[in-house]
Amino acid sequence: MFSVPDLLSEQWEYRELLVRMTARDLLLRYKQTVMGFGWAIFMPLVNTAIFSVLFTRVAVIDVGVPYPVYAFAGLVAWNFFASSLRFSVTSLTSNPSLVTKVYFPREIFPFSAVLVSLVDLAVALLVLGGVMLFYRVPIGWSILFLPVVILAAVMFTAAVALLISMANLFYRDVKYLFEVVIAVWMFATSVVYPVGRVGGRLGALLAFNPMTPIIDAFRGVLIGQQLPGAAFAITFVASAILLAVAWMAFHAAEFQFAENL
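Residues numbered from 1 in each chain as written. Predicted model: local features only at pLDDT ≥ 70, side-chain atom pairs only at ≥ 80, totals over all residues. Heavy atoms only, no water.

(A) Examining the packing of aromatic side chains more closely. This structure, assessed with the given rule, holds 14 aromatic pairs. A ring pair is formed by Trp-78 and Trp-185, whose centres lie 6.3 Å apart and whose planes are at 70°; its orientation type is edge-to-face. Highlighted residues: Trp-78 in helix α4 (residues 67-88) and Trp-185 in helix α8 (residues 174-187), separated in sequence by 107 residues. A single burial state applies to Trp-78 and to Trp-185, both of which are buried. Here the aromatic rings of Phe-156 and Trp-185 are separated by 6.3 Å at their centres, their planes lie at 90°, and the arrangement is edge-to-face. Here Phe-156, found in helix α7 (residues 146-170), pairs with Trp-185, found in helix α8; they are 29 residues apart in sequence, far enough to count as distant. Residues Phe-156 and Trp-185 agree in their burial class; the two are buried. Aromatic rings pair up to connect Phe-51, Phe-55, Tyr-67, Tyr-70, Phe-187 and Tyr-193 into one cluster. Just above the ring of Trp-12 sits the side chain of Arg-15; from NZ or CZ to the centre is 4.1 Å. Above the ring of Tyr-70, the side-chain terminus of Arg-219 is found at 3.7 Å from the ring centroid. (Phe/Tyr/Trp six-rings, centres within 6.5 Å; stacked < 30°, edge-to-face > 60°. Helix = DSSP H or I, 4+ residues; strand = E, 2+ residues; numbered from the N terminus. Buried < 20%, exposed > 50% of the residue type's maximum accessible area, 1.4 Å probe, protein only. Lys NZ or Arg CZ within 6 Å of the ring centre and 35° of its normal.)

Right, here's the structure in full:
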């Protein structure tokens, strides 16, 4: 049974392979596309425009800052999470020859999907800076906590990526169910509206969504000049624990991967 230090040590040993795999996936994602990295910001911009019309003209909500900035910040963070999982879910099943014939840490596949989306996030953050400049939203010293928020997002995303990539290997229905779950999950998170304003039993249920504290903290340090709160601190610790558990479960099931491909 692997311990967390063993897993980290093995990952460090194969770090060059992870870098090469990430570079390969990054090139494949945008190969023969006209927009290239533009696709990393195209959908958040389109969704921002749609939700801006909805929540500034139809069902007006006050979020304390210009709504397009609020929505785009949430969509940028959510797009990192959703995109990472979308490519992670089939990362093992789409590489059968590598999984079955060559030994290396198999978690490199979902991890590389997360790293590729992290590059997309970096590109989208530059555009977010431009949007904030256009709407004259100042950047405060709270932005210094942005790496901590991104680390929490990466840990939670990597944990879920390990679990769903493994689950899809054993049950191929997972990739179809994923699209339904990720769509519902977005509207259960503070991406385009504050879910904290939802009351009753539904509001109490949504309070357990780990992505809301992460996105709220992401938006807060960037456009709200707010430090991450207690909910984020709990989510940060829980994400680290979930990643460790998911990683060990992934390795425990690894010997069954070949026979399920």
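(B) Layout of a nonpolar patch on the surface. A cluster of nonpolar side chains, Trp-141, Leu-144, Phe-145, Val-148 and Leu-227, forms an exposed patch at the surface whose accessible area comes to about 520 Å². Summarising the element assignment, Trp-141 is placed in the loop between α6 (108-134) and α7. Under the relative-accessibility criterion, Trp-141 is labelled exposed at 57%. (Patch = residues over 30% accessible without salt bridge, like charges linked within 9 Å, V, L, I, M, F, W, Y side chains within 5 Å. Areas by Shrake-Rupley, 256 points an atom, 1.4 Å probe, with all protein chains shown as cover. Salt bridge = Lys/Arg side-chain N within 4 Å of Asp/Glu carboxyl O.)

(C) A look at the nonpolar core. One finds Trp-78 and Val-192 to be the most contacted residues of the largest nonpolar core, which totals 55 residues. When contributions to this core are tallied by element, the ones reaching two or more residues are α3 (39-58), α4, α6, α7, α8 and α10 (211-224). Ranked by residues supplied to this core, first place goes to α4 with 14 residues. Residues within four places of Trp-78 in sequence aside, it is in contact with Ile-182, Trp-185, Met-186, Thr-189, Val-191, Met-211 and Ile-215. (Core = buried A, V, L, I, M, F, W, Y, C linked by side-chain atoms within 4.5 Å. Contact = heavy atoms within 4.5 Å.)

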